[in-house]
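This is what each chain is made of:
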Amino acid sequence: MKKAKTVYVCSECDYQSAKWMGRCPGCGSWNTFVEETYESESPAEKSSASRRQAMLARSAGEAEPQPLSSEALPDYLRRSTGIGEFDRVLGGGLVEGSVVLLSGEPGIGKSTLLLQICASLAADRKVLYVSGEESAAQISLRAKRLGIHGGGIYLLTETNVEKILSHAKKLGPDIIIVDSIQTMYHSESGTVPGSITQIRECAGVFINKAKSDGTSVILVGHVNKEGSIAGPKVLEHMVDTVLYFEGESRQNCRVIRAMKNRFGSTNELGVFEMTDAGLREVESPSELLLADRPEGVSGNCAVCVIEGTRPLVGELQALATPTVFPSPRRMSTGIDYNRVSLVLAVLEKRLGLRFSSSDVYINVIGGIKIDETASDAGMALAMISTIRDIPVPDDLICIGEIGLSGEVRAVSRIEQRIREGERLGFSKIAVPSRNLSKSKPQTKQETELIPIKTVFDLLKLLKSPKQ
Ligand code: TYD
Ligand code: MG
C-alpha cells in the first residue's frame, strides 16, 4: 500500500520541508508554506527528476555555441489572433510555440475572451479548447450567445493532462487553450488538483509540448484573494507571457495588461467592453472613459496619460468632506495612494490649502488604473476644485507632473497628448510651460494652450464665477 506523506512547500520558491515554518529558509518569504499530501515517493526527488527531464526535453540534441548575429538562428513566427487589442498586449500577435498565462478574478471574462479568440483563430487554424471548469453544454451555450458556430474548434472537457496530451497528439492542434491550469492534474504527481506541485507539473507538461512541437498554449490562471496568481511563483517564471485581465466586474470596461512578455513590451494595454454579445474591442478607450462624465461639478478634471503607445484621456475625481475622525481618511481608487499623499502635501505646503480637517477621496472613472505621473497636475486641480467648491471648466484637460517644490515638470510625448485631447473635443489644454520652452507644439486654431509653471498657476484654471 502506498504511504501518504505530508510535506510543506513554499509557494514562492518551491522549498520543501517536513515541518511547517513561518519563514522560508529558501527565499526568506513569510507565511508561504502550504501543506501537501503525497501518496507515493518523495516529492523532492520526483520534482527534481521531472524538472531535469523538462530541461533535457527543451534542449533536445546537443547545443553548440553560435554567434548571436547568425543567420541560422530561427525567427519567431507571430500570427495575429484576429483580436487587435489582444494582439497589442502580446506584442503584435501570438508567437508559435509560446505559452501565455492569462489570469484574472472570477467572472471578469477570461473564458468569454478565450472562446472569442478561438472563434477568430479557427478560421485558418485548428484550436483545441480544454475546459476543466465547465461542461460541454455550458460552453456551447456561451458560444451560441456569442454567435460562434464552432467550425475548427475542438472542445475537450478533461482534467487529466496525460489524456489531454494524447488527444492533442491525435488531433494535432495549432493552439491549445487550457481553462484553467488549477483544475488540471497529473496522475503521477500524487497530490490533489490545484496544489502547488500539481500546477507546476501540469504547466511543465504543456510548456514541454509547446517548446517541442511549436504548438501555442494559452493557460488560464486563477488569482488568490490577494490578487496574485494562485499557485507557485515559478509558474510565472516558466511561461513566456503573463497577462492580467482586470476591471470592475460591475462596470463594463475590461483591461488586459502584460506583467511579463518575452516577445514584446509590457507597457501596452488591451481595452475591451463587456456587452450582451461578449467582449467588444475598444480602439479608442478615451471615449469609453469619458462617456457619462458629469459636467459643471466641482472636483472633476480630465487628464491624459500614455499607456504603451496609446494616449488615454480619463476623468479624475476628488472629493473632500469635513472629517469626523481624529486622523482624516485618505482613499484612492485607480491611482497610487502614495502619489495622492504627495500631491496633497505639496498643495498644503505651497498653496496653504488645508486638507488636514477633511477626508479626501480620489477616484478614476471607468475602473481603470492610472500610474503615470503626468496625471499629477490634473489630480491637484481636482483637489483644489473640490476644496474650493469651484468646478474646473468641462472643456479643459490638465497635463503635468508635480515636484515637491510645487513646480510643474515637463512630460514626455506632449504632442501626442495634445492631439488626443483635441480629438476628444477639449479646447483648453493646460501643459507644463517647460514643455513649451523649446518649441511650441502644433495645435488646432481654436485650441488654447495654457502654460503652467507651478501649482499657483492651477488656481487660475478654475472656472471663473461668470463662466
Ligand atoms: P466568464 O468568461 O465566465 O468569466 P471567467 O472565465 O473570467 O470567470 O464570464 C464572465 C461574466 O461575463 C459572466 O458573469 C457573464 C458576463 N457575460 C456577459 O456580460 N456577456 C456575455 O456575452 C457573456 C458570454 C458573459
Ligand atoms: Mg471561466
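No experiment lies behind these values; they were computed from the predicted model shown. Numbering of residues starts from 1 in each chain and follows the order in which that chain's sequence is written. Here the convention is simple: chains get letters from A, ligands get numbers from 1, in the order in which they are written. Reporting in this predicted model follows two pLDDT cut-offs: at least 70 for local features of residues, and 80 or more for side-chain atom pairs to be given and counted; totals over whole chains, interfaces and linings ignore these cut-offs and use all residues. As a rule here, side-chain values cover all heavy atoms of the structure and leave hydrogens and water aside.

**Topic: helix 6 (residues 196-213)**
The secondary structure listing takes helices from DSSP runs of H or I that are at least 4 residues long and strands from runs of E that are at least 2 residues long, numbered from the N terminus. Expected helix span is taken as 1.5 Å per residue step, with the number of steps being one fewer than the number of residues. An ideal rise of 1.5 Å per residue puts 26 Å on 18 residues; helix 6 measures up with 26 Å between its terminal C-alpha atoms. Residue G214 follows helix 6 closely and has a positive phi angle near 80°.

**Describing the nonpolar core**
In this structure, L347, I362, L381, M383, C398, L458 and L461 are the most contacted members of the largest nonpolar core, which totals 46 residues. Counting residues per element, this core draws most heavily on helix 10 (residues 376-388), which supplies seven residues. Domains are outlined according to an automatic or database domain assignment. Shared between two domains, this core takes at least three residues from each, and those domains are domain 2 (78-283) and domain 3 (287-459). In what follows, residue pairs with any heavy atoms lying within 4.5 Å of each other are defined as contacts. Dropping the residues within four chain positions of it, C398 is found in contact with C301, A302, V303, C304, A374, A377, G378, L381, A430, I452, L458 and L461. Note on terminology: a nonpolar core comprises buried Ala, Val, Leu, Ile, Met, Phe, Trp, Tyr and Cys residues joined through side-chain atoms within 4.5 Å. The classification of residues rests on relative accessible area computed with a 1.4 Å probe and restricted to protein chains. Under 20% of the type maximum is buried, over 50% is exposed, and intermediate values are partly exposed. In this structure, L113, I117, L121 and V127 belong to the second largest nonpolar core, which totals 32 residues.

**Things to note about the state of the cysteines**
In plain terms, two cysteine sulfur atoms within 2.5 Å form what is called a disulfide here. Tallying each qualifying case throughout the model produces zero disulfides. In this structure C398 is a free cysteine whose sulfur lies 5.0 Å from that of C301, the closest cysteine sulfur available.

**Topic: the sheet that holds strand 7 (residues 127-131)**
Strands are labelled as partners when DSSP assigns at least two bridges between them. Reading across from one edge, 8-7-9-10-6-11-12-13-14 is the order of the nine strands in this open sheet, with mixed pairing throughout. Each edge of the sheet is formed by a strand with only one pairing partner; in this case those strands are strand 8 (153-156) and strand 14 (278-281). For this sheet the average axis-to-axis angle between neighbouring strands, irrespective of direction, equals 25°. Direction of pairing for strand 6 (residues 99-104) relative to strand 11 (residues 241-246): parallel, over a ladder of five bridges. Among the inter-strand pairings, L102 is bridged to a residue of strand 11, identified as L243. A fitted line through C-alpha atoms serves as each axis, taken over the contacting stretch for helices, and the angle formed by two N-to-C directions is quoted from 0 to 180°.

**As for the layout of surface pockets**
Put simply, the grid is 1 Å and covers the protein atoms alone, a cavity is a trapped set of points that fit a 1.4 Å probe, a pocket is an open set with protein on both sides within 12 Å along at least five of seven lines, and lining residues have an atom within 4 Å of a point. Grid points are joined across faces, edges and corners, and a volume is the space filled by probe spheres set on the points. The volume enclosed by the second largest pocket comes to roughly 450 Å³. Taken together, 22 residues make up the lining of the second largest pocket; nearest its centre are E246, G247, E248, G367 and K369. Breaking the lining of the second largest pocket down by element, the ones donating at least two residues are strand 11, strand 12 (253-261) and strand 18 (358-364). When residues are grouped by polarity, Ala, Val, Leu, Ile, Met, Phe, Trp, Tyr, Cys and Pro land in nonpolar, Asp, Glu, Lys and Arg in charged, and all others, Gly among them, in polar. Its residues assigned to classes, the lining of the second largest pocket comprises eight nonpolar, nine polar and five charged. Each of domain 2 (78-283) and domain 3 (287-459) gives at least three residues to the lining of the second largest pocket.

**With respect to the pairing of strand 12**
In terms of burial, strand 12 is a largely internal element, seven of the nine residues being buried. By the bridge criterion, six bridges tie strand 11 to strand 12 in an arrangement that is antiparallel. Along strand 12, the bridge assignment pairs Y244 with R257. Bridge analysis of strand 12 against strand 13 (residues 269-275) gives five bridges, and the strand direction is antiparallel. Its bridge partner being in strand 13, C253 is matched across the sheet by E273.

**Focus: the environment of S332**
Checked against the element boundaries, S332 lands in strand 17 (residues 330-333). What makes S332 partly exposed here is its relative accessible area of 22%. For S332 and Q317, which are 15 residues apart along the polypeptide, the C-alpha to C-alpha distance reads 9.9 Å. Once residues within four sequence positions are removed from consideration, S332 is found in contact with Y337, V340 and I362. Under the rule applied, a polar contact is a pair of N or O atoms within 3.5 Å (in protein, one hydrogen donor and one hydrogen acceptor; residues adjacent in sequence only if both atoms are side-chain atoms). Separated by 3.0 Å, the side chain of S332 and the backbone oxygen of I335 make a polar contact.

**Looking at the domain arrangement of the protein chain**
Examined at the domain level, the protein chain breaks down into domain 1 (1-40), domain 2 (78-283) and domain 3 (287-459). Each of domain 2 and domain 3 was reduced to a C-alpha centroid, and the two centroids are 37 Å apart. The partner domain 3 presents ten residues to the 17 residues of domain 2 that form the contact. Buried area is a sum: the accessible area each of two parts loses on coming together, probed at 1.4 Å, counted once for each and added. Summed over both sides, the interface of domain 2 with domain 3 buries roughly 1100 Å², with 49% coming from carbon and sulfur. Considering only the side of domain 2, the residues that lose the most area to domain 3 are C253, R257 and L269, jointly responsible for 34% of the buried surface there. We define a salt bridge as a side-chain nitrogen of Lys or Arg found within 4 Å of a carboxyl oxygen belonging to Asp or Glu. Joining domain 2 to domain 3, the criterion identifies two salt bridges.

**Re the site of ligand 1**
Here, proximity means that at least one heavy atom of the residue falls within 4 Å of the molecule or strand. Taken together, 16 residues lie near ligand 1, and G107, S111, T112, R142 and G278 sit nearest. In this structure, G109 approaches ligand 1 through a main-chain N or O atom, which is 3.0 Å from an oxygen atom. One of the backbone N or O atoms of G278 is found 2.7 Å from an oxygen atom in ligand 1. Here ligand 1 has 570 Å² of accessible area as a free molecule, and 74% of this is covered by the chains. Listed by contribution, the elements that provide at least two residues to the shell around ligand 1 are helix 3 (110-121), helix 4 (136-145) and strand 13. Among the elements that line the shell around ligand 1, the one with the most residues is helix 3, at three residues. Per-residue accessibility takes into account occlusion by the displayed protein chains alone, with areas from the Shrake-Rupley method and a 1.4 Å probe.

**A short note on unusual backbone geometry**
Across the chain, the bulk of peptide bonds are trans and the bulk of non-glycine residues have phi less than zero. A cis amide bond links D179 with the next residue in sequence, S180, at an omega value of 0°. When you line up the elements, S180 lands in the loop between strand 9 (175-179) and helix 6. Phi is positive for N31, close to 50°, though the residue is something other than glycine. In this fold, N31 is placed in the loop between strand 2 (16-17) and strand 3 (33-38). Located in the positive-phi region is D389, a residue other than glycine, with phi close to 60°. Inspection of the secondary structure assignment puts D389 in the loop between helix 10 and strand 19 (396-398). Relative accessible area serves as the criterion here: at 57%, D389 is assigned to the exposed category.

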